[in-house]
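Each chain is listed here by its residues.
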Amino acid sequence: MLQLQILPQALTVCKVESLGGFALSGLFFIGSTDNELSLVCETDRTPANTTAREDGWRALRVAGTLDFSLTGILSKLATVLADAGVGIFAISTYDTDYILVKAENLDRATAALNKAGYALQGIPAEL
């Protein structure tokens, strides 16, 4: 079974006008389409030029590097969390997957994932 790491940072999901002034450091994810520029970043590093924002997210990271041939990882995690009534915001990188949950749902999320057989570990704040 996969191991998940609970990241210590408080995160914000927001839309921004531009990345001007945003320091590309710490934990962040950028998504750009023809309709929007989205940013997930540490809450204390959220830029002032947000047009919409939602604070209060925490991240669970699938430990290790995932091979592109693996299938269903996010689907299985999302199903466990959906069955527990926990909404998610999913992000994938080249190496692995991240699932963001609202901070007030973190305990419920980790309990559901533990019950489903996933091993969880915390990550120190100095990440």
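Structure first, text after, so check above.
In this text the structure is predicted, and so the values were computed from the model without any measurement.

What counts, and at which threshold
Residues numbered from 1 in each chain as written. Predicted model: local features only at pLDDT ≥ 70, side-chain atom pairs only at ≥ 80, totals over all residues. Heavy atoms only, no water. Helix = DSSP H or I, 4+ residues; strand = E, 2+ residues; numbered from the N terminus. Buried < 20%, exposed > 50% of the residue type's maximum accessible area, 1.4 Å probe, protein only. Contact = heavy atoms within 4.5 Å. Salt bridge = Lys/Arg side-chain N within 4 Å of Asp/Glu carboxyl O. Axes fitted to C-alpha atoms, helices over the stretch in contact; angles between N-to-C directions. Parallel < 35°, antiparallel > 145°, perpendicular 65-115°, else oblique. Left-handed = near helix turned anticlockwise from the far one by under 90°. Nonpolar A, V, L, I, M, F, W, Y, C, P; charged D, E, K, R; others polar. Polar contact = N/O pair within 3.5 Å; in protein donor to acceptor, adjacent residues only side chain to side chain. 1 Å grid on protein atoms, 1.4 Å probe; cavity = no way out; pocket = protein on both sides within 12 Å on 5 of 7 lines; lining within 4 Å. Points joined across faces, edges and corners; volume = space filled by probe spheres on them.

Caption draft 1: How the structure looks around the overall build of the protein. The helix and strand inventory of the protein stands at 2 helices and 8 strands. When the elements of the protein are put in sequence order from the N terminus, they spell out β-β-β-β-β-α-β-β-α-β. Expressed as a percentage of its 127 residues, the buried residues of the protein come to 39%. Nonlocal contacts in the protein, meaning residues at least 24 apart in sequence, comprise 69% of its contacts between residues at least 6 apart.

Caption draft 2: Region of the structure containing the pattern of salt bridges. Evaluation of the coordinates by the stated rule reveals 3 salt bridges. Between R45 and E42 there is a salt bridge whose closest N-O contact spans 3.8 Å. For R45, a relative accessible area of 36% corresponds to the partly exposed category. A salt bridge links D55 to R53; the nearest nitrogen and oxygen atoms lie 2.9 Å apart.

Caption draft 3: Highlighting the packing of helix 1 (residues 73-83) against helix 2 (residues 106-115). Here helix 1 crosses helix 2 at 120 degrees, and the two axes come no closer than 9 Å. In this view, helix 1 runs oblique relative to helix 2, as classed from their interaxial angle. Helix 2 is crossed by helix 1, and the crossing has right-handed handedness. Packed against helix 1, whose contacting residues are L77, V80 and L81, the element helix 2 presents A109, A112 and L113 at the interface. For the contact of helix 1 with helix 2, a count of residues per class yields 6 nonpolar, no polar and no charged.

Caption draft 4: Here's a closer look at the environment of T12. With respect to the helices, strands and loops of the structure, T12 is situated in strand 2 (residues 11-16). Within polar-contact distance, the side chain of T12 engages the side chain of T43 at 2.9 Å.

Caption draft 5: Just empty space enclosed by the protein, in detail. Scanning the model with the defined rule gives 1 cavity of 30 Å³ or more in all. The wall of the largest cavity is formed by L4, L60, R61, V62, L77, L81, D97, I99 and L113. Of all the secondary-structure elements, those providing two or more residues to the lining of the largest cavity are strand 5 (50-62), helix 1 and strand 7 (97-102). With 3 residues, the top contributor of residues to the lining of the largest cavity is strand 5. Broken down by class, the residue content of the lining of the largest cavity amounts to 7 nonpolar, no polar and 2 charged.

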